[in-house]
Amino acid sequence: MDRRTVAKLTQPLTPPPLPLLNQLGIAPSRICHIQPSLRRTHSRAIVNWLTRYRPTPKATNLEQVKGYIEAFYHLCEIEEWERAFTLISTQLNTPTNETLHYQLRIWGYFQERTDLYNALANKVNHRGNENWNARVLQFLGESHYSQGNYAQAKACYESSLALFRNIGTAADVGMLLSAIGELYYALGDYNKAIDYQTQWLEIARKSALVYGEGVALGSLGNIYESKGDYPKAKDYHHQHLEIARQLNDLEMEGSALGNLGCCCHAMGEYLQAKTYHEQHLEIAQKIGSRQGEGNALGGLGSVCYSLGDYATAQQYFEQQQAIAKDIGDLLGEGNALGALGNVCLSIGDYAGAKACHQQHLAIAQTLDNKQGILHALGNLGNVYNSTADPTQATHYYQQQLSLAQTIGDRLGEGLAYGNLGVIAHFLGNYDDALDKLNRQRAILQQIGDGEAFQGNRTREGQTLSNLGNVHHSIGNLAQAKQLFHQALSIAQETGDQQTESNTLGYLGDLYDSLSEFQLALNYQQQHLALSQKLGDIPGESRALQALGNTHLTLGNYDTALDYYQQTLAQVKQLGDIAGEGAVLGSIGNLYDNLHDYAKAVTYHQQDLAIARQTQQKSAEEAALVNLANAQSELGDYDTAVGHYRQALAIAQHIGDRRGESLTLANLGETLTKLGQYEDALAMLNAALNSLKAQAAPTTETSIYKYLGMLHQAIGELNLADQYFEKAIDLATALGTPLAAECAHLRSQLWGSGNSPQS
């Protein structure tokens, strides 16, 4: 059902018919004299539709202007093209007093508007100094553009521009340049887009066209925002808003507010962004702009998504999708589906995420919307990445890269390289990860001139963070520290608070790995504080869990449990199923450390069930290892070995080298308890060699402990003593409780009358 209605008007939506008939040169009293009869029939129909048609009280907007639409087509039937154009150029009694054909755009009747222009294109003639055909082609191009039909839009724009260059004003030419600039922006060619919009801005200012100046400023703001130059973008949008209010142009004001909302969102200023989008929504609903309403709802959904309020975000995106479907806005429907897919991904609904992104991809391909295709491919890659299917993730990221290179979208190319770098990192292919991420960084530095480079500082900071994570994984901790601090500096310089918050968290993880636990806690607290300031609940949850992990390592079990319980409450509030599983696993680890293995098993089983429910392979691997650890401590060695072997198979399948090493170590310990010493020694040596390459000192300490226990079991007490000593030295340097545990084991080694031999 078409629900596009407006509030009840105190006056009819359409003006009185008789003055309009006079303007069209149609006299009702002379209809009977019109020849031939077919022309007379159509003329009578025109008069009847304009004078006798009465919409019902609950009529939709389209039904209220049906008399005009029908009269238009009757004029076209008798080839009265100029009169037909005059009719649809009638101003309506709406809050903005727009012409009929433009009001159809505001209401969202894109196909109906396109049909009107198609009926007139290349048929309407010149009138005075104005080329009406050029104007109709311009409007037809705009209508195609609104529906995402870029090839048709480009053809119409170029035909219109050619006509206006021969007969038209500088303003006419400028408006077409702006339209073509918007097209290049949609296609991702930002440099061409800037060139066209700058030409339009110069023409508008030279011709004192304040409205055109506002349009150009808004367009330039959008382009610079996409290039990552948020301060410049924000300045353009503020100028755009000032002009809109100066002109009392509500539609332009709503557009400027929406653009400011998007810019503030990109800068991490979520609450300010929300305010702008709410103002945009209010204006859009006031003037009946369905597309504007949909855009504002999408903006509000994006803010709620970033704030971690996934339920509200989903409601906004579903409303956006409903409006887009209602008005036939396929482009808007695709964008809403992509956003809904991201919500599903964040709450662990991977099947829902995949379905939404596949629908988005199908729509984008139907429209040949290259930017939409790029986003959908990247999002599908993200889904498979999250479900630990690196092969499929890489498949989509490679398509994303290929398309970006084909259309010359350098930023898209850089994004694809970054995604491939993250996958390579996940797989433990660290050289490839560094290569891809450095390619992304190089592209960001190469785009445009120095000014454009500064505009991409935000993305550069994000790339540096990813590079830091790779160096962290391969044990280049000094390099990781340098990269994280560079990323932090850029984020603070550019006002990118989201990246600043994330990087503080990465630094906390790094200092935890360095066993500089007070520094780790300091950065984790900063991460928590900034996440809370931003209202970023997912970030807050990550910070709380990280704090819990560090306190767990330090043996502060009550404090760790408190942080975990806070995290658990938040992820449940978010509906983040995967996050719930992760924190349940952490609580299980805590009870492992407290030697309450039965309770630990309960938590690890819940974690495992969630991991399998969400089909998240990496999470399943971790849950299996944790569960097996607890079962081993309970003496259920055979069951533990089975779970270790399942985890080992997953780690090898997904290429998780660190997880593989850790599982080998734990499997070696349990095989020792089963008396399978030869296999146990092979597992522990393999784990030790692998972990040394990865520089994971905490796990290395555990392996020395396990090797000590193994050699004690087979009576090689001197070797056992040496391994316990290594474990004690390393644990002491790290400041972990394992030092005391290994010292106790060592004392027991010689406490039965044995003595070390030289």
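What counts and how
- Residues numbered from 1 in each chain as written.
- Predicted model: local features only at pLDDT ≥ 70, side-chain atom pairs only at ≥ 80, totals over all residues.
- Heavy atoms only, no water.
- UniProt positions renumbered as here; feature names shortened; annotations may be inferred.
- pLDDT = per-residue confidence, 0-100.
- Contact = heavy atoms within 4.5 Å.
- 1 Å grid on protein atoms, 1.4 Å probe; cavity = no way out; pocket = protein on both sides within 12 Å on 5 of 7 lines; lining within 4 Å.
- Points joined across faces, edges and corners; volume = space filled by probe spheres on them.
- Helix = DSSP H or I, 4+ residues; strand = E, 2+ residues; numbered from the N terminus.
- Nonpolar A, V, L, I, M, F, W, Y, C, P; charged D, E, K, R; others polar.
- Buried < 20%, exposed > 50% of the residue type's maximum accessible area, 1.4 Å probe, protein only.

Under an unreviewed UniProt entry, the name given to the protein is Tetratricopeptide repeat, and the source organism is Phormidesmis priestleyi Ana. As recorded by UniProt, the Subcellular location (unreviewed entry) comment attached to the protein reads in full: "Cytoplasm".

Now for the confidence of the model for the protein. Looking at the protein, pLDDT values average 88 and 94% of them are 70 or higher. Note that pLDDT drops below 50 for residues 1-9; the model gives that stretch 22 contacts with residues more than four away or on any other chain. Per-residue pLDDT stays below 50 along residues 448-455; that stretch engages in 12 contacts with residues further than four places along the chain or on separate chains.

A water-sized probe, rolled over the atoms, reveals where empty space remains. Applying the stated rule across the entire model yields 2 cavities of 30 Å³ or more. Each pocket or cavity is described by its volume, and for the largest cavity that value is around 50 Å³. What lines the largest cavity is simply R290, Q291, G294, N295, Q320, I323, A324, I327, D329 and G332. Secondary-structure elements contributing two or more residues to the lining of the largest cavity are α16 (290-306) and α17 (310-327). The residue inventory of the lining of the largest cavity, partitioned by class, reads 3 nonpolar, 5 polar and 2 charged. In this structure, the second largest cavity spans a volume of roughly 40 Å³. Considering the residues around the second largest cavity, the lining is formed by L330, L331, G334, N335, H360, I363, A364, L367, N369 and G372. Those elements giving two or more residues to the lining of the second largest cavity turn out to be α18 (330-346) and α19 (350-367). Across the lining of the second largest cavity, the residue classes break down as 5 nonpolar, 5 polar and no charged.

With that settled, consider the environment of P737. Relative to the helices and strands, P737 is located in the loop between α38 (717-734) and α39 (738-749). On the accessibility criterion, P737 (37% relative accessible area) is partly exposed. When the C-alpha atoms of P737 and M175 are compared, they prove to be 71 Å apart, with 562 residues separating the residues in sequence. Filtering out sequence-adjacent residues up to four positions away, P737 remains in contact with T553, L554 and G555.

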